[in-house]
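Read off the chains here:
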Amino acid sequence: QVQLVESGGGLVQPGGSLRLSCAASGTIFSIATMGWYRQAPGKQREMVATITSGGSTNYADSVKGRFTISRDNAKSTVYLQMNSLKPEDTAIYYCNARNFPINAWGKGTPVTVSS
């Protein structure tokens, strides 16, 4: 079973940037589809970005052009580069790994965008 640990969250001003990291332990990272999801208080969890084992990416419309997901299989790490941050990006960001039947989640890292 893969274990995921997120890091890099924090407080940032609107228009600023932040880079999240998700370190994975286990044996399936290189073949798993990885993703970043977020959940704001009182709102449903939503997909932010995903990346397949082959490197294909998908983004939520709200973050296209601002966020970039990437992975380093040698380091078993997935990243989310977040630029031009907006207050509405404030949420707990969760790392996800999927490789049937495994669907693993990290504990999350908080991101707050505020002046």
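Look up: the structure comes first, before these words.
Every chain is numbered independently, its residues counted from 1 as its sequence is written. pLDDT decides what is reported in this predicted model: residues at 70 or higher carry local features, side-chain atom pairs at 80 or more are listed and counted, and totals for whole chains, interfaces and linings draw on all residues regardless. The side-chain quantities take in all heavy atoms of the structure and omit both hydrogens and water.

1. Notes on the pattern of salt bridges
In what follows, salt bridge is the name for a side-chain nitrogen of Lys or Arg lying within 4 Å of a carboxyl oxygen of Asp or Glu. Enumeration according to the criterion identifies four salt bridges in this entry. Measuring nitrogen to oxygen at the nearest pair gives 2.7 Å for the salt bridge that ties Arg38 to Glu46. For Glu46, a relative accessible area of 33% puts it in the partly exposed group. Here Arg66 makes a salt bridge to Asp89, at a shortest N to O gap of 2.8 Å. With Arg66 in the loop between β6 (57-59) and β7 (67-72) and Asp89 in the loop between β8 (77-82) and β9 (91-99), this pair connects stretches of sequence that are 23 residues apart. For the pair shown, Arg66 and Asp89 are each scored as buried. Linked through salt bridges whose partners overlap, the residues forming this network are Arg38, Glu46, Arg66 and Asp89. Throughout, exposure labels follow a simple rule: accessible area from a 1.4 Å probe, protein chains only, divided by the maximum for the residue type, with under 20% read as buried, over 50% as exposed, and the rest as partly exposed. A run of H or I in DSSP becomes a helix once it reaches four residues, and a run of E becomes a strand once it reaches two; helices and strands are each numbered from the N terminus.

2. Focus: the packing of aromatic side chains
Two rings from Phe, Tyr or Trp (for Trp, the six-membered ring) form a pair when their centres sit within 6.5 Å of each other. Planes less than 30 degrees apart are called stacked, planes more than 60 degrees apart edge-to-face, and all others tilted. The final tally for this structure, using the stated rule, is one aromatic pair. Judged by centre distance (5.0 Å) and plane angle (70°), the rings of Tyr37 and Trp105 are edge-to-face. Placement of the pair is Tyr37 in strand β4 (residues 33-39) and Trp105 in strand β10 (residues 102-105), with a sequence separation of 68 residues. Owing to a relative accessible area of 29%, Trp105 belongs among the partly exposed residues under this scheme. Against the face of Tyr37 rests Arg45, its NZ or CZ located 5.8 Å from the ring centre. Whether a charge sits over a ring depends on NZ of Lys or CZ of Arg being within 6 Å of the ring centre and within 35 degrees of the ring normal. It is Arg71 that lies over the ring of Phe29; its NZ or CZ is 4.8 Å from the centre.

3. With respect to the sheet that holds β8
Strand-to-strand pairing in sheets goes through backbone hydrogen bonds, with the strands running parallel or antiparallel. The four strands are arranged β1-β3-β8-β7 in an open sheet whose pairing can be described as antiparallel. Edge strands, defined here as strands with exactly one partner in the open sheet, are β1 (3-7) and β7. Along the sheet, successive strands turn relative to each other by an average axial angle of 15°, direction set aside. In this sheet, β8 lies alongside β7 in antiparallel orientation, the contact comprising six bridges. For Asp72, the partnering residue across the bridge sits in β8 and is Thr77. Strand pairing requires that DSSP identify at least two bridges connecting the strands. With axes taken as lines fitted to C-alpha atoms, and helix axes fitted only over the stretch in contact, angles between N-to-C directions fall between 0 and 180 degrees.

4. What about the side chain of Glu6?
Examined against the element boundaries, Glu6 turns out to sit in strand β1. We count Lys and Arg on the positive side and Asp and Glu on the negative side, and we leave His and both chain ends out. Among buried charged residues, Glu6 stands out as having no salt bridge; its nearest opposite-charge side chain is Lys107, 8.7 Å away. Pairs of N or O atoms within 3.5 Å make up the polar contacts considered here, provided that, within protein, one atom can donate a hydrogen while the other can accept it, and that residues adjacent in sequence are counted only when both atoms are side-chain atoms. Among the polar contacts listed, one links the side chain of Glu6 to the backbone nitrogen of Lys107, at a separation of 3.1 Å. Among the polar contacts listed, one links the side chain of Glu6 to the backbone nitrogen of Gly108, at a separation of 2.9 Å.

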